[in-house]
Structure formats: structure tokens, C-alpha cells
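Results of the structural survey
One-letter residues, chain by chain:
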Amino acid sequence: MAERPPEMDWECTLCKEQNFSKATQCFKCKTARAPHARKVPPRSYSKPPAEGKTMQGMVKSYNKNGFGFIMCTGGYTQDIYFRRENVTSRILHPDMPGS
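Residues numbered from 1 in each chain as written. Predicted model: local features only at pLDDT ≥ 70, side-chain atom pairs only at ≥ 80, totals over all residues. Heavy atoms only, no water.

If you walk across this open sheet you meet the three strands as 4-5-6, and the pairing is antiparallel. If you trace the sheet from one side to the other, it starts and ends with strand 4 (57–62) and strand 6 (80–83), each paired once. On average, each strand axis in the sheet is inclined to that of its neighbour by 40°, with strand direction left out of account. Looking at chain direction, strand 5 (residues 67–72) and strand 6 are connected through four bridges and run antiparallel. Bridging across to strand 6, glycine 68 finds its partner in phenylalanine 82. (Pairing = 2+ DSSP bridges. Helix = DSSP H or I, 4+ residues; strand = E, 2+ residues; numbered from the N terminus. Axes fitted to C-alpha atoms, helices over the stretch in contact; angles between N-to-C directions.)

Moving on, we come to unusual backbone geometry. A positive phi angle is found at lysine 16, which is not glycine, with a value near 70°. Summarising the element assignment, lysine 16 is placed in the loop between strand 1 (9–11) and strand 2 (18–19).

On to the nonpolar core, then. The biggest cluster of nonpolar side chains holds five residues, and these are Val59, Ile70, Cys72, Ile80 and Phe82. Apart from residues lying up to four places away in sequence, isoleucine 80 is in contact with Pro49, Gly68, Phe69, Ile70 and Cys72. (Core = buried A, V, L, I, M, F, W, Y, C linked by side-chain atoms within 4.5 Å. Buried < 20%, exposed > 50% of the residue type's maximum accessible area, 1.4 Å probe, protein only. Contact = heavy atoms within 4.5 Å.)

With that out of the way, let us pick up the pattern of salt bridges. Think of it this way: side chains of opposite charge can pair up when their charged atoms draw near. Tallied over the full model, the rule gives three salt bridges. One salt bridge connects lysine 22 with glutamate 7, and the closest N-O pair in it is separated by 3.4 Å. Separated by 15 residues along the polypeptide, lysine 22 in the loop between strand 2 and strand 3 (38–40) and glutamate 7 in the segment before strand 1 bring together distant segments of the chain. The exposed category is assigned to lysine 22, whose relative accessible area is 66%. (Salt bridge = Lys/Arg side-chain N within 4 Å of Asp/Glu carboxyl O.)

As C-alpha cells, then:
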């Protein structure tokens, strides 16, 4: 029996964020999925960067415990999960816990 290809994700017509195929509204802006929303292939996840590798990007989000995600630049196609103590002081925000 042939394996079915994965369902296509969709792009929000308002904020252009990529959403899982089963989502009925955008996780970022909460806009309902439009019937004509552009279908996009599911993101493939690559291996994490090597330990100690320097990545360039900006802090995308963080929580009160000092964990978050960095949106990387330079060809790396997924956000990187981080702990506050692993981030250079140059990109820390004053509102980030512990800074």
C-alpha cells in the first residue's frame, strides 16, 4: 500500500504565517482560514546546529522562565529554541527575565 503524501499546510492571507493543515485559524493573528488560502508544503525540520555554533538572528519570542525562540538568518530555515544563559548579551532585551 502506497504511503499518502502529507497534507499541505496553508499560508494566512493576513499575516503570511505558515499554519498546520488541520488548523482552522492562524495561530499568530487568529484570522480564520480563507477558502482560497495558499497551500504550502509542510516545513521540513533539519538537524539542530552543532553545539557551540554561532548563529545570527533575532529573538522572536521568550517567556518568563527565560526560554524562547530565535529567528535565524543566513540560510537556516527554522527557529532555534534557546535558554537565556545561552544567548549573547547583545541580543537580550531588557524585558527578558534575568537580564
